[in-house]
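Structural features, examined
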Amino acid sequence: MKHFTLLSLFLSCAACLNAAETPSFAWAKVLDGPLANEQNGGIAVTTDGNFVSYNSFQSSGSDSPCYFGDDLIANGSAISSDRNLMILKTDAQGNKLWSVHSTNGYFDSADGKITPTADGGVLVLTKTRPSQNGTEYIASVLVDAAGDRTELYDMNTSIWAYCQALIKIDANGHIEWAKVFLNDQLPVPAATATAAKVATTNGVNPYSLCTDTDGNIYIAGNYRSPMVLSGKDNGCFVLCPRDVAAYNGDPQQTGGSLYIIKLDAEGNYLNHVKATGENNYEKINGVHFLDGNIVFNGNIKGNGKGSSLTIGEATFSIDDDNTFDNVFVGSVKASDLSANYLRLYSTFTNSAKKFVVQVKNSIVADGKMYICGALNGGIGDSDAASALIATDGTMLEAFALQVNLNDGSIGRAFIQPGTAITGYYGCFLYNGNVYFQGYTIAKNAFLDHFPADGVWTDNARFTFLDGNVGMANAATVNDNTAVLVSRVNAANGITVTGTETKPKTTGYGLLFTSYNLGGTVAVPGISQDGVSGTVFTGDEGHITVSTASPAKVDVYTPSGAHVASADAPAGTSHITLPAGVYIANGNKVIVR
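Residues numbered from 1 in each chain as written. Predicted model: local features only at pLDDT ≥ 70, side-chain atom pairs only at ≥ 80, totals over all residues. Heavy atoms only, no water.

Our next topic: the overall build of the chain. Check the secondary structure of the chain and you find one helix and 51 strands. If one aligns the C-alpha atoms of the chain with their principal axes, the spans along those axes are about 70 × 60 × 55 Å. Buried positions account for 59% of the 592 residues belonging to the chain. For the chain, the exposed area adds up to about 21800 Å²; of that, 48% sits on carbon and sulfur atoms. (Helix = DSSP H or I, 4+ residues; strand = E, 2+ residues; numbered from the N terminus. Buried < 20%, exposed > 50% of the residue type's maximum accessible area, 1.4 Å probe, protein only. Areas by Shrake-Rupley, 256 points an atom, 1.4 Å probe, with all protein chains shown as cover.)

Listed below in structure tokens is the structure:
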């Protein structure tokens, strides 16, 4: 185990940041329920240029209202102990377009993600358990934008235990289908708590999902009990975790294996990553599709007894004196999930000989992966003798990494030293800069930005909230409109930069703020140069490509999701797509 004594930054010289205008205020709205306990699990841009967010709110009965601004968007579950799911779609001006919510079931606020789909809809990966009404267990129920109800009838209602659910919602807020992935609920083998001796009630944590250009779906996270998935033609597949020998069933204790599972466009099992190694635990924090590969990042904790991780021909080992939450990255081919590489970053303890890292978000943009979160200690590249970044003391501080996706090496790194707990939670690219949304606990929320391909030794900061900020949850951008989600405790109002209005919440609520970033539009995931001599025209149901010579065309959503590739011949050709806003080789195109 290495120890640091001096902060070491990847690049030490100073340089000017890309020119960026001061963001101008657009709007702010509160998502607020009656029990002061709202949470957010992410926000994304749909292919029609709108915004969709994963949220939850707690209620005390079916007459408990949840509001977004002045709009009543849902009433809660009849069971007072339930946490309700809330998927909310808004336009760029913050107007509600539709919402999907639950009326039965408890939906975990921390384990849930969304990703847009090429047809203008959204996929929701969530973790849920039945409502408990006395000795009765009631399956989770969802209500879509039309008021139609979807019961997750495959849930086990004999016990209060979690499972995963994957939900497909179309562009108009209608639920197309919902799949339930159960976990074996036999008693925890090494159980110490009474409940765990009866059953494994919390055997899975879904952390991320993405799609590829063929519509296949990839889900990822950590699991501690066998997982049951269904395939086409009533096929049944059971995945069994490793690293569970020491797991005692305590929800605060780590244990179990990582998983990356490939499903078809209807949620049927196709394949999964085969990993081996004995560790204390492993998990995947983020999965992303890029150029035919699935790239990912995660945490792994060694057991001090020759720990390692192997996927195919890719492998790394962990020193026996390293029993901390190490960060690793990897890549597998989307076609068969065979390994391209694995890379373990070096860990450096703080002055108290401890190390803590919390990876809060990751994106893939312009051929790089950006990872951000909170760090207490130091991180270096694989087998590094010294840390690239390290904290000054023993508090969590905001950190960010830029990862080269050809081999997983760290290209750039930054730590935000301070005198209070900080963290980066949201991330997006705009106009050649990478933006990280962060917060100082109970003080403020801010946007820091750096030139994506420049020097990361200083950060330009825009503080957009002053007051009791509990978390900076998520951020994204479309055209030049950024939407930022923060969890705030603002019973007496909170100061929002650019407006005299002070939004209020019932205890902790979610504050959505929007700013115009100015400047020209940059789209994550692609080059802005375009293809010389090629013209892209948006038509009904397709993009028309007119080119004097053959050209490779890649089509993305405004948020960077890769939705189509084509080898356009000389002359005129078409790429069929649903209605929406797209970026074809750096050119904005609207399909009707």
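Turning to the pattern of salt bridges, a few remarks are in order. Per the counting criterion, the structure on display carries nine salt bridges. In this structure, aspartate 111 engages lysine 127 in a salt bridge whose closest nitrogen and oxygen atoms are separated by 3.2 Å. Placement of aspartate 111 in strand E9 (residues 106–116) and of lysine 127 in strand E10 (residues 122–129) is noted, with a sequence separation of 16 residues between them. With respect to class, aspartate 111 is no different from lysine 127; both count as buried. The partner of lysine 168 in a salt bridge is aspartate 119, and the shortest N-O contact between them spans 3.1 Å. Of this pair, lysine 168 sits in strand E15 (residues 163–169) while aspartate 119 sits in the loop between E9 and E10; the two residues are 49 residues apart in sequence, bridging distant segments of the chain. By relative accessible area, lysine 168 is classed as buried at 6%. Accessibility expressed as a relative area gives 37% for aspartate 119, which makes it partly exposed. Sharing partners across several salt bridges, the network here consists of Asp119, Lys168 and Glu176. (Salt bridge = Lys/Arg side-chain N within 4 Å of Asp/Glu carboxyl O.)

What follows concerns the sheet that holds strand E49 (residues 571–576). Spatial ordering of the open sheet is given by E45-E46-E49, a layout of three strands whose pairing is antiparallel. Here the strands that pair on one side only, and so sit at the sheet edges, are strand E45 (534–539) and E49. Going from strand to strand, the sheet's axes swing by 20° on average, the running direction of each strand aside. (Pairing = 2+ DSSP bridges. Axes fitted to C-alpha atoms, helices over the stretch in contact; angles between N-to-C directions.)

The final tally for this structure, using the stated rule, is 18 aromatic pairs. Look at phenylalanine 324 and phenylalanine 355: their rings are 6.2 Å apart centre to centre, the planes differ by 70°, and that puts the pair in the edge-to-face class. Here phenylalanine 324, found in the loop between strand E27 (314–317) and strand E28 (325–333), pairs with phenylalanine 355, found in the loop between strand E30 (346–349) and strand E31 (356–365); they are 31 residues apart in sequence, far enough to count as distant. Here the aromatic residues Tyr370, Phe414, Tyr424, Phe436, Phe446, Phe450 and Trp456 are joined through ring pairs into a cluster of three or more. Lying over the aromatic face of tyrosine 106, arginine 129 brings its terminal NZ or CZ to 4.4 Å of the ring centre. (Phe/Tyr/Trp six-rings, centres within 6.5 Å; stacked < 30°, edge-to-face > 60°. Lys NZ or Arg CZ within 6 Å of the ring centre and 35° of its normal.)

A word on the pairing of strand E7 (residues 83–90). Among the eight residues of E7, eight are classified as buried, and the element is accordingly described as predominantly covered. Along E7, one buried face is formed by Arg83, Leu85, Ile87 and Lys89 and the opposite face, lined by Asn84, Met86, Leu88 and Thr90, is buried too. The sheet contact formed by strand E4 (residues 51–58) and E7 spans eight bridges and is antiparallel. Residue pairing in the sheet places tyrosine 54 in a bridge with isoleucine 87 of E7. Summarising the sheet, E7 and strand E8 (residues 96–104) pair through five bridges and their orientation is antiparallel. The residue bridging threonine 90 from the neighbouring strand is lysine 96, located in E8. The hairpin turn running from E7 into E8, its antiparallel successor, is five residues long, and glycine 94 in that turn takes a positive phi close to 85°.

With antiparallel pairing, the four strands of this open sheet are ordered in space as E24-E25-E28-E29. If you trace the sheet from one side to the other, it starts and ends with strand E24 (281–290) and strand E29 (339–344), each paired once. Averaged over all adjacent pairs, the angle separating strand axes in this sheet is 20°, with direction ignored.

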